[in-house]
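# A structural walkthrough
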Amino acid sequence: MKKTGRDDILDDVLSIKSNHMVLELPTGTGKTKIALDKTKALKCKSILIVVNRNVHKETWSREIDKWWSDCKAKITFTTYVSLHKYAGKYDMCILDEGHHISERCARTLPLIDNKYTIILSATIDRKVRERLDDIFGSSLYYYSVSLRNAIDADILPDPNIYLVPLYLRTIGDDELIIKNKKVNKVIECKYKDRWNYLRRKDIQIRIKCTQSEYYEDLDNQINYWKNRYFNTRSEIAKNKWLKLCSDRLKWLSDKKTPFVQDILSGLDKHRVLTFCNNIQQTEDLGEHCINSKNSDAIEVLKEFNAGKINHITACNMLNEGINLNNCQIGIYANLNSSETIIVQRTGRLLRHKNPIIIIPYYKNTRDEELVNKMIENYNKDLIVKLNNIQELKEVLHKIK
């Protein structure tokens, strides 16, 4: 589907006859404005807006003031967690970031007595589609524009992407693997000698190893529990496997901290958002952190959008639903296997006319697999594979 601009998408949405619709549009295409324009056109007088986090209510309030300043409709906000408390009669129900519609929400939605429904998201996966189809059946209209189509139509800019390879160390026993943590008797050994002790359950084994060996051990555990799950369909095995996969990405992310610090040292004058793995990493990589621990996170966001500060770090809170003003550079200190999170994060950056994505990643690890998946939708001519961070800093020095 070829589009020539946001107005064409709006015209399409305004012409949809169905009372219930999913608008699957890339972040940055103006989903909020489109939903409000459709609601306005339908002359709705009572509106329920469901968001994922309380902080997103403020974003919606600002957008309503901007695009529908003379709104006389009664607007009620709630979150997906509290949706069950708001069963009642409304003209319109807008479900923002609709990929968060859980089974519990799906059971609640039929209790919301509304004539019209608009579900907004950049990514609706199969499970959510099935839930929505169960609720609305054939009355639900799906309207979708892909990220690639939005870029090709000049609705969104094509980002320049810089890939920076990193390598796990193969020398130096600076990592520690601990087996049988609850046992008091301790023995230490080298990674190559671990098999002399691994069968013993009466001792805590502390294995000194390199980064490469630590990663190998994680990989081995993941493969063991993955195979066990597929052989037994045990939920315990599945949970263990998935947790270890998450642990692997978090560990790789933590190892990137000094490299990202090096990258940031040359970006004082640029507008930068760094996606982090956890609260500690947001603090290690920047003074201005947006995380659940920082009670001033909203103020930090306001100062960034006002141009008073140029660099912010975030974990989870800026993945979606927040508008950033003139943010040019996104650094991925943390990679994620969720396609939804990948798309949502990228959307934070595509509001700048010349967006730049920087991805430091560990070669020959799960990182590299995720990077290859991430760049599938982007212009191959704008993807630059560098040799090291020094090369990246030389390139960035020339960017205004």
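First, a word on what this report is: a plain description of the structure on this page. (Residues numbered from 1 in each chain as written. Predicted model: local features only at pLDDT ≥ 70, side-chain atom pairs only at ≥ 80, totals over all residues. Heavy atoms only, no water.)

Okay, the side chain of S121 next. Within the secondary structure layout, S121 lies in strand β5 (residues 113-121). Relative accessible area serves as the criterion here: at 0%, S121 is assigned to the buried category. Only 2.7 Å separates the side chain of S121 from the side chain of H99, close enough to count as a polar contact. (Helix = DSSP H or I, 4+ residues; strand = E, 2+ residues; numbered from the N terminus. Buried < 20%, exposed > 50% of the residue type's maximum accessible area, 1.4 Å probe, protein only. Polar contact = N/O pair within 3.5 Å; in protein donor to acceptor, adjacent residues only side chain to side chain.)

A few words now on the packing of helix α7 (residues 211-232) against helix α8 (residues 235-255). It is the contact of α7 with α8, at a shortest axis distance of 8 Å, that shows an interaxial angle of 160°. Judged by the inter-axis angle, α7 sits roughly antiparallel to α8. Handedness of the α7/α8 crossing: left-handed. Packed against α7, whose contacting residues are Q211, Y214, Y215, L218, D219, Q221, I222, W225, K226, R228, Y229 and F230, the element α8 presents A237, K238, K240, W241, L244, C245, R248, W251, L252 and K255 at the interface. Here the contact of α7 with α8 is built from residues that sort into 13 nonpolar, two polar and seven charged. (Axes fitted to C-alpha atoms, helices over the stretch in contact; angles between N-to-C directions. Parallel < 35°, antiparallel > 145°, perpendicular 65-115°, else oblique. Left-handed = near helix turned anticlockwise from the far one by under 90°. Contact = heavy atoms within 4.5 Å. Nonpolar A, V, L, I, M, F, W, Y, C, P; charged D, E, K, R; others polar.)

Okay, the sheet that holds strand β1 (residues 20-24) next. One open sheet accounts for six strands, arranged β3-β2-β4-β5-β1-β6; its pairing is parallel. Each edge of the open sheet carries a strand with a single partner, namely β3 (74-79) and β6 (140-144). Here the average twist between neighbouring strands, direction ignored, is 20°. Looking at chain direction, strand β2 (residues 46-51) and β3 are connected through six bridges and run parallel. Across the sheet, the residue bridging to S46 is K74, located in β3. Sheet contacts for helix α3 (residues 55-67): β2, β3, β4 (89-95) and β5; angle to β3, the most-contacted strand, approximately 155°. Helix α5 (residues 126-136) rests against β1, β5 and β6 of the sheet, and its axis sits at about 145° to β6. (Pairing = 2+ DSSP bridges.)

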